[in-house]
Amino acid sequence: MIGLYRPGDSPLHRLPAGVKLVLLLVSIVAATVFVRTPPQVAGAAGAVAGLFAVAGIPWRVALAQLRPLVWMLLLIGVFQVLLTSPARAAVVCGVLVISVALAALFTLTTRVSDMLDAVTRWLRPLRGMGVDPERVGLLLALAIRCVPLLAGIVHDVAEARRARGLQWSMTALVTPVLVRALRTADAMGDALAARGVDDA
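Below you will find a few notes about this structure. (Residues numbered from 1 in each chain as written. Predicted model: local features only at pLDDT ≥ 70, side-chain atom pairs only at ≥ 80, totals over all residues. Heavy atoms only, no water.)

So, the overall build of the chain
So, step 1. Along the chain, the regular secondary structure elements total nine helices and zero strands.
So, step 2. Ordered by position from N to C terminus, the α and β elements of the chain give α-α-α-α-α-α-α-α-α.
So, step 3. Sorting the 200 residues of the chain into buried and exposed places 28% on the buried side.
So, step 4. Taking as baseline every contact in the chain between residues at least 6 positions apart, the subset at least 24 positions apart corresponds to 69%.
So, step 5. Just so you have it, the chain exposes about 12,600 Å², and 70% of that area is on carbon and sulfur atoms. (Helix = DSSP H or I, 4+ residues; strand = E, 2+ residues; numbered from the N terminus. Buried < 20%, exposed > 50% of the residue type's maximum accessible area, 1.4 Å probe, protein only. Contact = heavy atoms within 4.5 Å. Areas by Shrake-Rupley, 256 points an atom, 1.4 Å probe, with all protein chains shown as cover.)

Here's the deal with the environment of R6
So, step 1. Tracing the backbone shows R6 in the segment before helix 1 (11-14).
So, step 2. Note: C-alpha distance between R6 and A55 (49 residues apart in sequence) is 9.6 Å.
So, step 3. When sequence neighbours within four positions are dropped, the list of residues in contact with R6 reads H13, I57, P58, V61 and L108.

Focus on a nonpolar patch on the surface
So, step 1. Together, V78, F79, L82 and L83 give the surface a local cluster of nonpolar side chains, amounting to about 460 Å² of exposed area.
So, step 2. By the element assignment, L82 lies in helix 5 (residues 70-83). (Patch = residues over 30% accessible without salt bridge, like charges linked within 9 Å, V, L, I, M, F, W, Y side chains within 5 Å. Salt bridge = Lys/Arg side-chain N within 4 Å of Asp/Glu carboxyl O.)

Re the packing of helix 5 against helix 6 (residues 86-109)
When two helices pack together, their arrangement is given by the angle between the helix axes and the distance between those axes.
So, step 1. Orientation of helix 5 relative to helix 6, taken along the N-to-C sense of each, is 150°, at an axis distance of 8 Å. Considering the angle they form, helix 5 stands roughly antiparallel to helix 6. Between helix 5 and helix 6 lies a crossing of right-handed hand. Residues M72, L73, I76, G77, Q80 and V81 of helix 5 touch helix 6, and the partners they reach there are P86, R88, A89, V92, C93, L96 and V97.
So, step 2. Looking at the contact of helix 5 with helix 6 residue by residue, the class counts come to 10 nonpolar, two polar and one charged. (Axes fitted to C-alpha atoms, helices over the stretch in contact; angles between N-to-C directions. Parallel < 35°, antiparallel > 145°, perpendicular 65-115°, else oblique. Left-handed = near helix turned anticlockwise from the far one by under 90°. Nonpolar A, V, L, I, M, F, W, Y, C, P; charged D, E, K, R; others polar.)

Thoughts on the environment of L21
So, step 1. Mapped onto the elements, L21 comes out in helix 2 (residues 17-34).
So, step 2. L21 sits in the buried class, given a relative accessible area of 17%.
So, step 3. For the pair L21 and M115, spaced 94 residues apart in sequence, the C-alpha separation works out to 8.1 Å.
So, step 4. When residues no more than four places from it in sequence are discounted, the contact partners of L21 are F106, V119 and W122.

Here we look at the side chain of Q80
So, step 1. Note on placement: Q80 falls in helix 5.
So, step 2. Those residues within four positions of Q80 in sequence are excluded, and the remaining contacts are S85, R88, A89 and V92.

So, the side chain of T107
So, step 1. The topology assignment puts T107 in helix 6.
So, step 2. A relative accessible area of 13% places T107 in the buried class.
So, step 3. At a separation of 2.8 Å, a polar atom in the side chain of T107 contacts the main-chain carbonyl oxygen of A104. (Polar contact = N/O pair within 3.5 Å; in protein donor to acceptor, adjacent residues only side chain to side chain.)

Brief notes about helix 5
Side chains of residues three or four places apart in an α-helix project in the same direction, reflecting 3.6 residues per turn.
So, step 1. Compared with an ideal rise of 1.5 Å per residue, which puts 14 residues at 20 Å, helix 5 spans 20 Å between its outermost C-alpha atoms and is within 8% of the ideal.
So, step 2. Looking at helix 5, one finds that the buried residues are L73, G77 and Q80. The buried residues of helix 5 occupy an angular sector of 70° when the element is viewed end-on, so they sit on one face. In helix 5, the exposed positions angled more than 90 degrees off the buried face are occupied by W71, L75, L82 and L83.
So, step 3. Looking at the buried positions of helix 5, the neighbouring elements they touch are helix 6. (Expected span 1.5 Å × (residues − 1). Arc of directions from axis to C-beta.)

Right, dumping it as structure tokens:
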């Protein structure tokens, strides 16, 4: 879901990244606190669908952002039905879907560079307290870059494991992923050091 910006000229695209980030946080908190019944979940979901339509995001793209949640929703839904009630399960799962959809809408309509600039700008008043806004911005940029990088490593290792007929072996997946992830981290650290990042 990170780095999937889709260019556009909608009102959501034109909003400053900082404003969108605040609205995202407020919306998720409001959904968590105030959405208590299945009809309210349906109303909030309709509002989020309307925002996707305003942003001009195709439905297939919107649904693709939610597909990784399917198994998690099934587990949470069963757990909630067993411990509480079907209505409560619908609310919990619905709020989770709404929150992820809002986060996806934010990433689809906001450039990563704008997002990082907004966070760095917000942290500048804390420079007197020892916070380095540029370093925090670099940390966020590296984190954003590493998510798809790690996903690619897992995908490559999973494909190699399947080709060797070891698709059910967790050791054949976890060990190579850890080794490649650590090697990538070392290479990234060497590249940063070579460029003088964090020099005194």
